[in-house]
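Below are the chains, spelled out letter by letter.
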Amino acid sequence: MSSATPSGAPHATISCRLLPAQWWWLGVVLPTLVYATRAVYILADPRIPYDTLHTYLPLARAFLEDPSSYFTLPNSVTVAPGAVLYMAIWGADPVAIKAANLFIGLASLLLASDAVRRLAGPAAGAAAAWGFATSQMLVTTGVTLMGEAPFVFLVVLWLWACSWACDGAQLPRKNRVAAVVLGGVALTAATLTRATWLYWLPAASLAGLVMALLCKGDTRRVFLRLATIHLIALALVGSFMLHQREAFGRPLVATGSGAALYFGSNAVLHGYEPPFFGLAHDEFTVTDNLGHLSLEGDRRLLAVTRAALLDTAPAQLFHLYFQKLGAFLFFSRAQLSRHVFNDRAMRIGLLVLALGGLIAGRKKPLVWLLAGAAAYQCAVHIPVMYNPRYSASALDPPLTLLAAAGLGLMITAGKKRRFVALAGTLFVVMTGVAIGAWNQRHGETLMPDIASGPNRLIQQANKSELSVKGNSGNPFEKPVPITHTRLVVEWAPPSLQLSNLAVLNLPLRHFEGQCRELWIVYTTPTGAARSARVLLDGLRPNQNIAWGMDAVSLPNHKGILRLEFACSPGTVVEFGAPALYDVALGHFYRAQALGPELARSFPGKDAQ
């Protein structure tokens, strides 16, 4: 097997003197200023995210009050300790933490730039710096008052140490040892800040040892150093998990995986977080009054999730995971801006350039480490609930480094190969961006799919309870054209069983034309009203219109539910009878998973 290509002596140190002046100013200073400028509006926002306000900061203050006993408290397992300790270092002061986030965000940019510079040259280092500075997702996650900021920094610090370990032939022995120790400690801290790297540790350790056996010379020593980095992290994280087992009876970094897997396994909601579809979180149907982050609540959610997955057909599970894979890689269209060059376009560019980096740098161990890290993070997030925040913090750091390396290697190739590589890459990127923009404008509207998973009919409308306003024909009897820009349907039963867990499902039997949006309005006899807006710009024939009632439901069940459609005149529609459904997995698998003693929910914890 071919040995790794060293980066060369000129790139063996981080010293600024060895960087050409133009790369220093254009590739380091300027992107650093751009990153800091883009972070200003986040720093100036006085709002504190919900999880930080109610979980991270209180736990950080609890640690500051009594550090010696903190890790014996039951609440200490509710989140990974890294983010809590990071906030405690800064006195649990939001202003100080934001300032620290800006500092480590800028440090991440510089470390990423230097790591890729020593891998593929100054042009690649500049590309990595600009990748961090221009990525809205990386700037946001790097500065926002959440656990993602220290996580991204620690991941980049680990990758930077790995770049030194791969460059070890050019370094004194003490520097190689320092790089290995730093990499192991940084990866440990990253895993204890967000436990998604947990299964990577043994897998990467084993892979490094196997590659060391297969290779010779400098390449063998590089893989041994990389394996040692991961073995250090495995030992340190394993020690912490043994402590958790002694203290709490379970070898874990933190709870939370139960809720993430529970919501990610609901096929009706496509594995998305319930508020994405206008629903409240329904974990209390399993945890009762215990909380989803408690040890018992986490155990229950894992048990219910296991029962639900075993009851799901393999083909349906494959479809669910494949759909979430697309969302994790390219983001959901409902959360993207309508601009062509949005976060999806940025991700397409990163993926194409990263693939080019893998091909061009396939003989370099660090390239395979970056590619493996990105592939692992993608795989480990597929079963859990989809959230774009997870995608940004998990994928963007390794992809940005690998994409920058790809660009740098293309630029430093021979003249003919450079032209072919850059032209081909540009063509593929622009084609991908065009396809993404087309999907953004013309893709199917994503809504709950009642038929995809367990559901229970709560209430269905009778014809006598339905009325149509603003149209000459009745779309519940036959296909009729919409004669005005708005079509209003009213459902007025004697009692309407709305709740924050109910999904309104309106079958669409016939559809020709275009509808822009739907307003769902619930009005009580006293005049109180609540409403929800649903975008319909990708509505398809034979697609049911479905949405959650969390924003609409009120305690009074005597009101009227009004559906106001904004459609182009001449659009032809035919509806089936609207109905309300329960799709909470806890209502269907609780008894099976938890046994007869816990089959019933805790009194008073049903949906409101």
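What you are looking at is a predicted structure, and each value in this text was computed from that prediction instead of being measured.

### Thoughts on the overall build of the protein chain
Part 1 of the argument: Within the protein chain, the secondary structure is distributed over 19 helices and 12 strands.
Part 2 of the argument: For the protein chain, the C-alpha radius of gyration of 27 Å lies close to 25 Å, the compact-globule estimate for 608 residues.
Part 3 of the argument: Judged by the C-alpha coordinates and their principal axes, the protein chain covers about 85 × 60 × 45 Å.
Part 4 of the argument: The contacts in the protein chain between residues at least 6 apart in sequence include a share of 79% that link residues at least 24 apart.
Part 5 of the argument: Total accessible area on the protein chain stands at roughly 26500 Å², and carbon and sulfur atoms take up 64% of it.
Part 6 of the argument: Side chains of the protein chain give 49 positive and 33 negative charges; the mean places of these two sets differ by 13 Å.

### As for the side chain of Gln244
Part 1 of the argument: Structurally, Gln244 is set in helix H10 (residues 217-248).
Part 2 of the argument: For Gln244, a relative accessible area of 1% corresponds to the buried category.
Part 3 of the argument: Other than its neighbours up to four places away in sequence, Gln244 contacts Phe71, Val77, Gly249, Arg250, Leu252 and Val253.

### What to know about unusual backbone geometry
Part 1 of the argument: The backbone of His270 sits at a positive phi, close to 60°, despite the residue not being glycine.
Part 2 of the argument: With respect to the helices and strands, His270 occurs in the loop between helix H11 (257-264) and helix H12 (284-287).
Part 3 of the argument: Classification of His270 by relative accessible area gives buried; the value is 11%.
Part 4 of the argument: Of note in the backbone geometry, Asp288 takes a positive phi value of approximately 60° without being a glycine.
Part 5 of the argument: Looking at where Asp288 falls in the secondary structure, it is placed in the loop between H12 and helix H13 (295-310).
Part 6 of the argument: By relative accessible area, which is 7% here, Asp288 ends up buried.

### A few points about the sheet that holds strand S1 (residues 456-460)
Part 1 of the argument: Spatially, 4 strands are ordered S1-S12-S5-S9 in an open sheet, and the strand pairing comes out antiparallel. In the strand order of this sheet, the two ends are held by S1 and strand S9 (545-548), each with one partner. When the angles between neighbouring strand axes are averaged without regard to direction, this sheet yields 25°.
Part 2 of the argument: Sheet topology note: the strand S5 (residues 502-506)/strand S12 (residues 579-582) ladder contains 4 bridges and is antiparallel. Bridge pairing links Ala502 to Asp582 in S12.

### Digging into H10
Part 1 of the argument: Given a rise of 1.5 Å per residue, 32 residues ought to cover 46 Å, and the 46 Å separating the end C-alpha atoms of H10 matches this to within 8%.
Part 2 of the argument: Gly249 lies just past H10 and shows a positive phi near 85°.

### A short note on the pattern of salt bridges
Oppositely charged side chains can pair when the atoms bearing their charge come close.
Part 1 of the argument: Enumeration according to the criterion identifies 18 salt bridges in this entry.
Part 2 of the argument: The shortest N-O distance in the salt bridge between Asp167 and Arg118 comes to 3.2 Å. Taken together, the positions of Asp167 in the loop between helix H7 (148-166) and helix H8 (173-193) and Arg118 in helix H4 (residues 94-120) put the pair 49 residues apart, joining distant regions of the chain. Here Asp167 and Arg118 have matching classes, each one buried.
Part 3 of the argument: For Arg562, the salt bridge goes to Glu564, with nearest N and O atoms at 2.6 Å.
Part 4 of the argument: Residue class for Arg562 comes out partly exposed when judged on its relative accessible area of 23%.

### Quick notes on H7
Part 1 of the argument: For H7, spanning 19 residues, the distance from its first C-alpha to its last is 27 Å, which sits close to the expected 27 Å at 1.5 Å a residue.
Part 2 of the argument: In terms of residue burial, H7 counts as a mostly covered element, since 18 of its 19 residues are buried.

### Things to note about the state of the cysteines
Part 1 of the argument: By the definition in use, this model includes 1 disulfide.
Part 2 of the argument: Between the sulfur atoms of Cys515 and its disulfide mate Cys567 the distance is 2.0 Å. The disulfide joining Cys515 to Cys567 has a torsion of about 95° about its S-S bond and is therefore right-handed. Highlighted residues: Cys515 in strand S7 (residues 515-523) and Cys567 in strand S10 (residues 560-567), separated in sequence by 52 residues. With respect to class, Cys515 is no different from Cys567; both count as buried.
Part 3 of the argument: Looking at the unpaired Cys166, the closest cysteine sulfur is the one in Cys162, lying at 6.5 Å.

### Digging into the layout of surface pockets
Part 1 of the argument: As a volume, the second largest pocket reaches approximately 860 Å³.
Part 2 of the argument: Every residue lining the second largest pocket is counted, 33 residues in all, and those nearest its centre are Tyr272, Gln323, Asn439, Glu444 and Leu446.
Part 3 of the argument: At the level of secondary structure, the elements contributing two or more residues to the lining of the second largest pocket comprise helix H14 (314-330), helix H15 (343-360) and helix H18 (415-442).
Part 4 of the argument: Of all the elements, H14 adds the most residues to the lining of the second largest pocket, at 10 residues.
Part 5 of the argument: Considered class by class, the residues forming the lining of the second largest pocket number 15 nonpolar, 14 polar and 4 charged.

### With respect to the environment of Gln335
Part 1 of the argument: With respect to the helices and strands, Gln335 occurs in the loop between H14 and H15.
Part 2 of the argument: C-alpha separation for the pair Gln335 and His442, spaced 107 residues apart in sequence, amounts to 15 Å.

### A short note on the packing of H15 against H18
Axes are the key here: two packed helices are described by the angle between their axes and the distance separating the axes.
Part 1 of the argument: At a closest axis distance of 9 Å, the pairing of H15 and H18 adopts a crossing angle of 150°. With respect to H18, the axis of H15 lies roughly antiparallel. When the axes of H15 and H18 are compared, the crossing they make is right-handed. Counted together, Arg344, Ala345, Ile348, Gly349, Val352 and Leu353 of H15 and Thr425, Val428, Val429, Gly432, Val433, Gly436, Asn439 and Gln440 of H18 form the full contact between these two elements.
Part 2 of the argument: Its residues placed into classes, the contact of H15 with H18 shows 7 nonpolar, 6 polar and 1 charged.

### Some thoughts on the packing of helix H17 (residues 388-411) against H18
Part 1 of the argument: Their axes nearest at 8 Å, the elements H17 and H18 cross at an angle of 145°. Packed against H17, whose contacting residues are Leu407, Met410 and Ile411, the element H18 presents Arg418, Ala421, Leu422 and Thr425 at the interface.
Part 2 of the argument: When grouped by side-chain class, the residues that make up the contact of H17 with H18 number 5 nonpolar, 1 polar and 1 charged.

### A closer look at the packing of aromatic side chains
Part 1 of the argument: The final tally for this structure, using the stated rule, is 19 aromatic pairs.
Part 2 of the argument: When the ring of Phe318 is compared with that of Phe322, the centres are 6.0 Å apart and the planes differ by 20°; the resulting orientation is stacked. Of this pair, Phe318 and Phe322 both sit in helix H14, 4 residues apart, which is roughly one turn of that helix. We note that Phe318, like Phe322, is exposed.

Rules of the game
- Residue numbers restart at each chain and count upward from 1, following the sequence in its written direction.
- Totals for whole chains, interfaces and linings use every residue, but because this is a predicted model, local features are given only for residues with pLDDT of at least 70 and side-chain atom pairs only at 80 or more, for both listing and counting.
- Excluding hydrogens and water, the side-chain figures rest on all heavy atoms present in the structure.
- A run of DSSP states H or I qualifies as a helix once it reaches four residues; a run of E qualifies as a strand once it reaches two. Both are numbered from the N-terminal end.
- The atom set for the radius of gyration is the C-alpha atoms, and the globule formula is 2.2 Å times the number of residues raised to the power 0.38.
- Only heavy atoms enter the contact rule, under which two residues are in contact if any of them lie within 4.5 Å.
- What sets the accessible areas is the Shrake-Rupley method with a 1.4 Å probe; for residues, cover comes only from the shown protein chains.
- For the charge count, each Lys or Arg is scored as positive and each Asp or Glu as negative, with His and the chain ends excluded.
- Note on charges: their place is set at NZ of Lys, CZ of Arg, CG of Asp or CD of Glu.
- When accessible area is computed with a 1.4 Å probe and restricted to protein chains, residues below 20% of their type maximum are described as buried, those above 50% as exposed, and intermediate ones as partly exposed.
- Paired strands, as defined in this entry, are two strands with at least two bridges between them according to DSSP.
- Helix axes are fitted to C-alpha atoms over the stretch in contact, other axes to C-alpha atoms as well, and angles between N-to-C directions run from 0 to 180 degrees.
- In this analysis, the expected span of each helix is defined as 1.5 Å times one less than the number of residues it contains.
- Each reported salt bridge corresponds to a side-chain nitrogen of Lys or Arg within 4 Å of a carboxyl oxygen of Asp or Glu.
- The disulfide criterion is simple: two cysteine sulfur atoms within 2.5 Å.
- Think of a 1 Å grid over just the protein atoms. A cavity is a set of points where a 1.4 Å probe fits yet cannot get out, a pocket is an open set with protein on both sides within 12 Å along at least five of seven lines, and lining residues have an atom within 4 Å of a point.
- Grid points are joined across faces, edges and corners, and a volume is the space filled by probe spheres set on the points.
- Residues were grouped as follows: Ala, Val, Leu, Ile, Met, Phe, Trp, Tyr, Cys and Pro as nonpolar; Asp, Glu, Lys and Arg as charged; and all remaining residues, including Gly, as polar.
- When an angle is under 35 degrees it counts as roughly parallel; over 145 it counts as roughly antiparallel; between 65 and 115 it counts as roughly perpendicular; any other value is oblique.
- Handedness of each helix crossing follows the sense of rotation of the near helix against the far helix: counterclockwise by less than a right angle gives left-handed, clockwise gives right-handed.
- Classification of ring pairs uses Phe, Tyr and Trp, with its six-membered ring standing for Trp, and accepts pairs whose centres are within 6.5 Å; under 30 degrees between planes counts as stacked, over 60 as edge-to-face, and the remaining range as tilted.

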